[in-house]
Structures are given as C-alpha cells and as structure tokens.
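The primary structure of each chain is shown beneath.
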Amino acid sequence: MTSYRYIGRRVPRIDARDKVTGRTVYSTDRYSENMLRARVLRSSLPHAKIIRLDVSRARELPGVEAVLTHEDIPGHNGFGIVTPNWPVLCVDRVRYRGDALALVAARDEETAEEALSLIEVEYEPLPIIETPEEALREDAPLIHEGGNIQHSMDIPPKGDVEKGLAESDIVIEETYSTQFMEHAYLETEGGVAIYDEEEGVITVWCGDQYAFRDQLQIARSLDWDPLKIRVIGSPTGGAFGGKDEISVQIHLALLAYYTKKPVRLHWSREESIVAGPKRHAMKTTFRIGMGNDGKLKAIDVKVVANTGAYDTIAGPVLNLSLESSPGPYKYPQSRFRGISVYTNNAMGGEFRGFGAAQVVFGLEQELDKLAERLGMDPIEFRLLNAVEEGDISALGHRLQTSVGIKETLEAARKTDLWRDREKIKRDLNAAARYKKFGVGVASEWHAVGLGVGLPDFSNIIVEIHEGGEIILRTGAIEIGQGNLTAYAQMLAEALGCDIEKIKVIHGDTFESPDSGTVTASRSILINGNAILDAVKTLQPKLIEIAADKFGIPGDELEYSDGRVSFRSDPDRTLTLAELADHAGSSGVPIKVTGTAVFATSDKDFGDGLPHNYYTYITQIALVGVDTGTGEVEVLKVISLPEMGKAINVDGVEGQCEGAVVMGQGYTLYENVVVEKGEFKTTGFATYILPTALDVPEQETVIVEKFEKSGPFGAKGVGEAPTVPVTPAIVNAIYDAVRVRFKKLPITPEAVLEKMRDLAGTEER
Amino acid sequence: MKFNYRRAGSLKEALEILSEGDESLKILAGGTDLLVMIQDKLISPGVLLDINGLEELKGIEESNGRIRLGALVSHGQIAADKLLREKALPLVESCGEVGSPQIRNRGTIGGNLVMASPSGDSIPALYVLGAEVSLKSRDGERVIPIEDFFTGVKKCVIRPDELLISITFPALGPDDRGFFKKLGQRKALAISKVSTAAVLTLRAGVVVSIRIALGAVGTTVLRAPRTEAFLTGKSLAPEVITEAARLCAEESRAITDIRSTGAYRDEMAGLLLARGLEKLA
Amino acid sequence: MEEITVQFMLNGKAVRVETPPAFTLLRLLRERLGLTGTKPGCERGECGACTVLLDGEPVNSCLILAPQVEGREVLTIEGLADGDKLNPIQEAFIEKSAVQCGYCIPGMIMSATALLDTNPEPSRDEIKTAISGNLCRCTGYTKIIRAIEVAAERIRKR
Ligand SMILES: Cc1cc2nc3c(=O)[nH]c(=O)nc-3n(C[C@H](O)[C@H](O)[C@H](O)COP(=O)(O)OP(=O)(O)OC[C@H]3O[C@@H](n4cnc5c(N)ncnc54)[C@H](O)[C@@H]3O)c2cc1C
Ligand code: FES
Ligand code: FES
C-alpha cells in the first residue's frame, strides 16, 4: 500500500472555519445599498389558458422599478437542462402551480409584494391531470402539443425475458409506487444580479450546481454573449440535484438588465416547494424469475414516471431508473422499459439518487421475498447473484471498472449487527413492552458520471504564485459535499506540498474553467483526474524553471515532494516558492491546465445508457416498530460503500450519514402532497424532515477497492447511500412485524393497517 | 410585513389601548403563532401591541393549594419548573413537548390558550387540572372555567378588549397522578396528531376520581366522560384498561387531515390513555 | 410605516439602529447590521437556521420583531469567536467535520452554545433535544452531535 499524507485520511474541510464563524458569504447573503428586491408572480391555477395578463397597475405603484412579462424576454423563452421547454415567463398557458407569469423589482420587499397583488390575470381553467394514468387516457387533454409522453426508453432486451420467466421455478411480480420528494436544502433558491452597462456584463450570484450551463441558459434567454455573463454559483447551502436546473438565474439577469440596478431574489420556502423540481413520483413493476438453486434467471421491469409539466432532465432520470432497477446482480435475460409522462402535478427533476431511489425500494424487497421463498439468508442470496468485475451486467454491458458489491456484502455479514442480529432482537424485544425489532439489508449499484455519449469532461487550472501560494481553479460548485477539500487533498498529495498552501477558486465562470456539473457523483473522479493531469504537465515545467535558474540541463534535476532537486546532490533544492519567485521575475507565471474525460462503457444504448463506473453499497438497518401506534423508529444504520479509494474518510462518512437520514425521511415521513394540482405541503410544518431526535445511530464501514482509472483509485460516493437505506428499513420492518409496503412513505397509519390485515388473515 | 409596533408600559395602559376598539390591533405575546399567521398572510394587522413588559402577566406561584401562572409564562419555563413537576405533572409534560427549545423559549401559555387550536398542547393538561382563566378589560375581570373558554376551532370567548391575565388551578395532592402523552409526525417540532391527558386520584389501587382530556380529535379539546365514569371505582387491571381505551376511542371525534386519519386518531386517543394508565397500575 | 430606533447589546457591543417596526430581528441583523451569519430557512420558526441567543436563550430570530430587542442582549454566530480564537464548539465542529453546506451551522452552534452554557455535562439525549429545533439536510446530525460532545468535554477540562 502506498502511504499517503492526505489521501485516505480524515482531513478537516478547508471551508469549515468560515462556515462555523458565519463568514461564508452565500449568494443570498449579498446585500448592498440601492439593491432592489424581486418577486415572481406564480400561477394561481395548476392548468389554464391565460386570457389576459395586465401589469399596468403594478407598474404605476411608486417604488416599483420594473414589472416584466414574456414580452420582455429578448431571446428564447424557455430553459431546461435537456429540452428547454420550461417557460421563463408563461405566454398563454400555465401547466402547474409553480409556473411564473411576471417579475417585479421594487425598492423593498413590501412594495414588491404589493405590486404582485396589483397584477391582473384572467385564466380559463383547463382540466387538471394529476397522474400518468389520467394523462395516458385516449381523451386526455394534451399538456404539450407533441402529446403527454415526455420520453420513453426501451433498453435493447437481453435474451428472451418471457422464456426466462417461463423457465424459472419461482416467478414473482409486484408494483411499487413512490411519492414526490422535496430537496429541502436549508438555503432556498436565490441570489443577486448586477448589470455593468459599461462592460456589457451581467453578473449573477446564485446557488447552483453548474455555473457554465447557467451561463448558457441565461445567454439564450437574454440573447446575450455568453462570455459577457458571469455566473458565480459557489458556495451554496445544499443542492442535492435541485439546483442543477435554472431557478432564479434568468429572472435575475432580466431584472438587472432592465433596471440597471443590483437586484435580489430569494424564494420563500413555499415557493421552493411549489416551483422547484422534486424527486419524480414513479410506479415500477417487477417480474423476476429464479431457479430453485437461488439463481436469478430473468427480470422484466416497467417504470412509469410522473414528470410534471416540463422536461428539465426527466429523460435521463427515467433512464437511470431503468439502469438501476436490476441492481448489481446477474440475470441471463432481461427487459427494461419506461415512460415519463407529463402532468399538472409537482415538477419532477433531478434529485440525489437520480431515479434509483424509486426502483431500488421495490427491487430489494423483491429479492428478500425470493430469498425467503428458498429459506436463504438475504446476504447469501445476494452474494450468490452478485456481479464481479469483468462480468456482463443485467443490461448487457461489460463491467470494466472496479466492482465491490461482494466485498460490501461480505463486510456487512461480518458486522456485529448482522452476525448477532437474532440475539440483538431477542434482547431488545424482551426489554420493550410495546415494540418489536427487526434487521434488514439492501444493496445498490449507483452509476457514476453522466453516461456514454454525453459530454462528460473536466478542465482545471493550477497556478503557483510568488511566495509559493498554489491556486487551484475549478468550475465545480461546493454544494456541501466537501469536494473543494478533496481536490485540495489530491493536489497537495500529487504535488507533495502542504494543503494549507492551496487556495481553491471555484464555481465562477470568469475566474475558473468549466469542470462540468457537480452531479452524478462524478466530481471526485473527473476533477481528480484533471488535477493529476495538470500535475503531470506541471512537473516538467517546474524542472524547466529550475534548470533555467541553475543554468543546467533539466535531466540533471528531478521533482519530488514540493521541490526540484539535483539528482547528484539531493540537498540542493528549489522549493515551489523559490521556483515561483524565479518564474515571476522572468515574467513567466506558472500556470497549467489539466483535463479529463470519462472513460465510457463498451455498449451504447443511447441517451447516456449505460454507465462505466458504479458505486456499490450495502446498508443494514435496525428498526423498532411500535405495535400499538405503528410508529417506526430507526435505531441504527450501517453503510458499507465501495467507492474505489476514499479520498477523505470524514467526507465519505459525512456523505453516508446525511444520505441515510435523507433516505429515512423518504421512507417514513417526507411527501409532497399535491391534490388536483394544489400543494398541501407548503412548508416545514407539513413537509416533515427528520430532526436530531428522530435519526439513527450510524456507522460507516468503508470498503475500499482500487479503481485503476480513478484518481488515487477513487470513484464517487455522493448519491449511493441515499438509496438502499429505504429498502433496508422496509426489510427490517418486515423482519420485525411481517408486513411489506408497496408505497412510500410508510406512515404509522399504514403500518397499523397492514398489521391489522395480517392479523386478520392469520385468524382466518 | 407592514404594521406598527406599540409596547404596553403597564397593564392599565394596555387595557386602555384595548378599550379603544382598534380592530386592526393584535396582541403580541411570544409571537410564535401571531408572526407565523402574518407571514402566511392569514391576517394583516395594522398595529401589534407588545405585552411582554407586563409584570402582572408573569410568574409561577402557589398559594393556598392553588397554582397561578401568568399568561406570559413560557412553555420552557413551565417544562423546567420544579414546583410544577411535583404538582402539575401533565402540564409540565405537555409544555415540554411543544415545538422545539426555541419555540418553548418564546411561546407562552396565554398565547397557546387564546389561539384555541384543538392541538394546543397545554390545553388538555389544563382541562384535567381543572384550570380557570382570568380575563381582564378596562371594565373588570372575569374568571372562566377552562372548558367554557373554547367555542370552536381557533375560537374562544375572549373579547377584543380583554387580556388573558393568568391561569389558576388546584395543585395536585399526594394521591393524585397524572400524565400527558402525544403523537406527532416526528419527535420534535411536531404538532399533535392526537394527545391524551389525565389526572386521577388513586387510593389503595382504586380510581377514586379521574378526568381525561383529548387533544386534536375534535373542534375543541374534549373530555371523555363515559370513560371517566367507567374507570371511577375500578382498579387498573389490564382488562379494565383495555375497555377504557376502547371507550375512550369511541368518545374521540377526530377528522382526517394532512397529518393523520380520523380512525387512527380515535384509536390512538384510547391507546395513549391505556399507556398512561398502565404505567400507574 | 415610519422607522423606529432600537438600542440593544449586540455581540457585547451597544448598538443603535433604525428599523421598520415590522422587521424581524432576522432581517434587522442581515439587512441593516450586515450580520449575515444568521440565516433564513423558513421564516416560520420551523428550521432553526435563524437561531440567535436572546439574553442567553436560543430563539428563532424570524419570530421576534426588531423593536422587541430594545434594551436586551443578542448574541449571534459572529459574536462567538474572540478575534481569531474560535470557541470550543466552533473548533470541535471543524475538527469533527460536522459541517457540510454549512447553512444550518450558525443556528446549530448557537443552540449548542446555549446548551453548554447551562449544562456543561449533557447526555446524548440532552444534546439531541437541544438541537431538535435546528434542521440539517446534509449531515444526518451524527457528526454534529459528536462535535458537541467533544466540545463539552473540552469545556469541562478547562
Ligand atoms: C415551529 C412551531 C412549532 C410549534 N409547535 C407547537 C406544539 O408542538 N404544540 C403547541 O401547542 N403549539 C405549538 N406551536 C404554536 C405556538 O408556539 C403556541 O401556541 C404558543 O403557545 C403561542 O404562544 P405565543 O405567546 O407565541 O402567542 P402569540 O403568537 O404571541 O399570540 C397568539 C395569539 O394569542 C393572542 N394572545 C397572546 N397572548 C395573549 C394574552 N395574554 N391575552 C390576549 N390575547 C393573547 C395573540 O393576539 C394572538 O392572536 C408551534 C409554533 C411554531 C411556530
Ligand atoms: S428561518 Fe427562523 S426558524 Fe426557519
Ligand atoms: S450542513 Fe447543510 S443543512 Fe446542515
């Protein structure tokens, strides 16, 4: 094993000091004199024609500086990561409750608010489509001209699934459904924009996940030179996929352009829930066949996604649902089909776990059911079917990067919680009057990177300045995941310098290069490789500078540990600071660029499928079910991720711990309730997140496997731990009280009802 | 938000101001309900009258076996009070479960009563403690038994010119027992889906008297008279408790909303009673 | 509405500031006093991101009106460190990697400060209760709870 100074250790975050002192300036923390306050007029109906939109009274209100409608958009009136059909400001139709109709900028919040109330809108209501089932009916009104199917995907079948099922000894079939889930980042969408007329530059500060894409989307709507739009998206107070799409950016830029004054727009919590994207609600049907020997033979999956009114990134989400749906197991025959359907419900979008959380909830229950049919231990059963490196996946592509599912399962089997689970449950059951306890397990493979055929690259810049300060420039956004620290660790390790010397400039389209989006658990792998690439260019450059300084040929020198030294006399060295000073005095700054591109899979099913890298993970949950109230308490969760090499141990643990609680919320509490297009959950009093008193004790067992094409062997870990925690909890509930759930969230009311039904059948 | 702010310097001044009959005026205590209602645009008052300086509305005292709470006493003060823990346990338990530490530090018992929400957590406890509420206006004071104070969902008998001054109730004696239990959607920051409070006098294992109140299961907090009658004179044997829970669920009249279903709430009202009683048995 | 003047102690210093009467303390701090460490997350008392100490007690600054702090003492996240020297809770949050996006952290640290000021030897349950009004979407609370435990130990040893 290589011994590292920074890699694989617990390294304190480089941004923590500013965060614990309140000094970090988030985009919504920017205020200045004469800054205008903006508000957005949202639709008051979920589906309607706009007959009349009259902003004249609002424009006349003293203190109002601008009221904008679709007529004021110079360029394309739409945005969207994949297809830009989400209107910046609606023209003649609204399709969900979050649709924007007009923008107001005024001298203060109160005036802006009042101006909104003076805007007159006349609607002609249209029928409201809540579900894909309704949208697919023959006589359903069309939400978009092209029809109500937003996207459909059939992965080319592998073998003959019907034959595989027919030849199976045991076949099970079930349909699972999941709710819309809210990201609930603590910092809601917001920011500030300024228009510098002299330079022709519009600057937008806004929490996001990809400043360079925002830049293009803003430019497209303003019909502006993208190079004259500066977006600063970092840092932000949580994102989880919800800030990858446009929220306030275009609205802010428009208002800054028209008012020529600094403008601030910060969504309320209600606006964030109603207008912003959610985790898609989905229905997934599995048919799975198995032999009496416990080997899986065939899987047939059908997914129907409720995507809401517009596209954003719904296609790729659905695709990843399909890719994730078989799990990291071998099936000789398979078929995966899905459709994503427009409705007037909440907006479906990108969310950590990207299409996987919805399907793995069902799959991993199905696997437990199959194991139970044969009386097999759930981990043994998964081990029997798990894939290995070099195997052909359920989808038909070769797994050519590290595959650690077996290792995670084996490590799970060795944990005290799993090994001693019968005794643990017995002891707990004996001590509790009203509760029954259970232990459950579940696994997942989670794709890393955007997938084949999509531009999946990174550029970074490394500079060494006089005095030895090292600057790392990356377009990546710090959304809380700790990537800046990981980049600094990788650069410090590769250069052999102190991490304290490194300053990271991030997420600014004018000050950093395009490193791609911070989604898809991709940023460690791709930016790490770009950093290593930069260091590869940097070292010869440093030797060249030293050669110039010493006046000797470069091949007499070598680079190691932050210095260039004489091969013949290792004590004669030049430090980075000395090298930078020399370079500076000769007018050649030390600046190199590093790039990296994701290696892709051997197959291409279109639309980004399939992927080449996966995080593998197993999670175990211990729960207690109150048999009187139906309340489920999650007592303990152990996460066992295989993400290649862990760059920062605290970082990996932190990702797992946060993800587990997010998964717990999804499983037990969280639900964006929309009835007839109207939001019933509008804040944290009705959208229930776990508090510190509700969460389990946690343990993370890092299962390392070296991935040769990753930086220091790393892949990524951001999303995977949000996913199997749900079926692990559900399987644990089954272990405790013998009832299963096909629908999320699992409320106490539902638990009690199921337990009643079970008692009823047992009596009969 | 747009309104004016006035601070009442004395009780007399406050009552004078209230007597002026300004309909746009609202009384501000802890603000944990009022400011949320204003933010949600449910109300838009022109003036807030801050009563937090009024000494007459503060303090927790016992005299002659009766306990007096000023209307401005916070949930946090009640939850941490030794005297109340000994002599008004259900109230201490209920206030200890309100919202979060931050909410408990600001939210007052007076505000909880005037809001008159069926899920107001202090209310079932005050029912079973047999509390009385003192209301004062420029023209005089009236004392109202707690059960006559509420008239419907978020409705109570207080007049716009009145201030809620204090709450009084008899201290629990050595033979008295009591509890408050609630179910919310999570363990903190949880509005009650259902709550049950009870005070009973137990002698030699027999229930001499009992009062039961149920929160969040009706338009106001409800008593459970049939269950009370059934339990009186009985010992707390398991089959008695089971029957009491069944009766209590029958007496509950919950509805379905975003937090829970009517049927679940009704059943849980009984279950919480049973769990409280089992601990005392 | 006419602005009014409020005077109070802010992070140990007397301040006098004009405010619209309907401003919350949260808005006063952020928009008039430049203290943006105190965060809005819901403006309904439901998330705790805006937590400050009022006369030593944790409160939601979104549910207090600016004029209400007249004559009182307010402590915000900016008032915890002594120059460059962080307080033990801040140090422990860094050391135990209790920070991710950081947006909930000022409120969290204020709640923890109030706890350890009155109870230097809290149990794990007391810690959880003390931060139960502070939502965090990133960390799952595990490392936050651990950091508060570590800070408590350090404070006791002093
Ligand atoms: C996040 C959050 C969580 C909560 N959780 C709970 C909970 O778990 N359980 C629960 O019961 N409540 C809960 N509440 C509601 C609230 O905190 C309580 O009802 C609290 O007791 C209200 O008191 P207050 O002093 O804040 O009232 P205020 O908001 O100041 O006033 C409420 C109403 O009462 C009037 N009023 C107040 N005092 C007087 C008086 N002395 N005389 C006449 N009128 C008066 C006001 O004019 C106003 O109409 C929660 C609130 C929030 C924001
Ligand atoms: S902003 Fe004050 S509690 Fe959320
Ligand atoms: S660190 Fe992001 S919300 Fe707590």
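Anyway, here's the lowdown on the structure attached to this text. (Residues numbered from 1 in each chain as written. Chains lettered and ligands numbered in written order. Predicted model: local features only at pLDDT ≥ 70, side-chain atom pairs only at ≥ 80, totals over all residues. Heavy atoms only, no water.)

## Some details on the interface of chain C and chain B
With 30 residues of chain C at the interface, the matching set in chain B holds 28 residues. Summing both sides of the interface, chain C and chain B together bury roughly 2300 Å²; the carbon and sulfur share of this comes to 58%. At the boundary of chain C with chain B, the tally comes to one salt bridge. Two residues, Asp40(B) and Arg44(C), come together in a salt bridge whose shortest N-O distance is 2.6 Å. (Contact = heavy atoms within 4.5 Å. Buried area = accessible area lost by both parts, 1.4 Å probe. Salt bridge = Lys/Arg side-chain N within 4 Å of Asp/Glu carboxyl O.)

## Some remarks on the pairing of strand E4 (residues 60-63) of chain B
Residues and elements named next belong to chain B. Relative to strand E5 (residues 66-70), E4 runs antiparallel, the two sharing four bridges. Bridge pairing links serine 63 to arginine 66 in E5. Counting the residues that bridge the hairpin from E4 to E5 gives two residues, and of these asparagine 64 lies at a positive phi of roughly 50 degrees. (Pairing = 2+ DSSP bridges. Helix = DSSP H or I, 4+ residues; strand = E, 2+ residues; numbered from the N terminus.)

## Overview of unusual backbone geometry
Cis geometry marks the peptide bond from Ser234(A) to Pro235(A), where omega comes out at -5 degrees. For Pro235(A), the location among the structural elements is in the loop between strand E11 (229-232) and helix H7 (249-259). For the bond from Leu744(A) to Pro745(A), the omega torsion is -10 degrees, close enough to zero to count as cis. Turning to its location among the elements, Pro745(A) is positioned in the loop between helix H19 (725-737) and helix H20 (748-763). Phi at Arg738(A) takes a positive value of approximately 65 degrees, unusual for a residue other than glycine. Structurally, the position occupied by Arg738(A) is in the loop between H19 and H20. Phi at Glu43(C) is positive, roughly 55 degrees, even though this residue is not glycine. In this fold, Glu43(C) is placed in the loop between helix H1 (25-32) and strand E3 (51-54).

## Examining the packing of H20(A) against helix H12 (residues 262-280) of chain B
Between H20(A) and H12(B), the least distance of the axes is 10 Å, while the angle of their chain directions is 80 degrees. Taken as axis vectors, H20(A) and H12(B) run roughly perpendicular relative to one another. Residues Pro748(A), Glu749(A), Leu752(A) and Arg756(A) of H20(A) pack against Tyr264(B), Glu267(B) and Met268(B) of H12(B). The residue makeup of the contact of H20(A) with H12(B), split by class, is four nonpolar, no polar and three charged. (Axes fitted to C-alpha atoms, helices over the stretch in contact; angles between N-to-C directions. Parallel < 35°, antiparallel > 145°, perpendicular 65-115°, else oblique. Nonpolar A, V, L, I, M, F, W, Y, C, P; charged D, E, K, R; others polar.)

## A short note on the sheet that holds strand E8 (residues 170-178) of chain A
Residue and element names in this part refer to chain A. Pairing within the open sheet is mixed, and its five strands lie in the order E7-E16-E15-E14-E8. The open sheet is flanked by strand E7 (149-158) and E8, the only strands paired with a single partner. Taking each pair of neighbouring strands and ignoring which way they run, the sheet shows an average axis angle of 5 degrees. Both E7 and strand E16 (residues 333-342) contribute to a ladder of seven bridges, which runs antiparallel. In the strand pairing of E16, lysine 158 is matched with serine 334. Contacts from helix H9 (residues 314-324) reach E7, strand E14 (281-290), strand E15 (296-308) and E16 within the one sheet, and its direction differs from that of E7 by about 30 degrees.

## Some details on the site of ligand 1
Taken together, 35 residues surround ligand 1, and among them Ile27(B), Thr32(B), Asp33(B), Leu34(B) and Thr108(B) come closest. In this structure, ligand 1 is bordered by residues of chains B and C. Residue Gly31(B) places a main-chain N or O atom 2.7 Å away from an oxygen atom belonging to ligand 1. One of the side-chain N or O atoms of Lys182(B) is found 3.2 Å from an oxygen atom in ligand 1. Here the shell around ligand 1 takes four residues from helix H7 (residues 109-115) of chain B, the largest share from any one element. (Near = heavy atom within 4 Å. Polar contact = N/O pair within 3.5 Å; in protein donor to acceptor, adjacent residues only side chain to side chain.)

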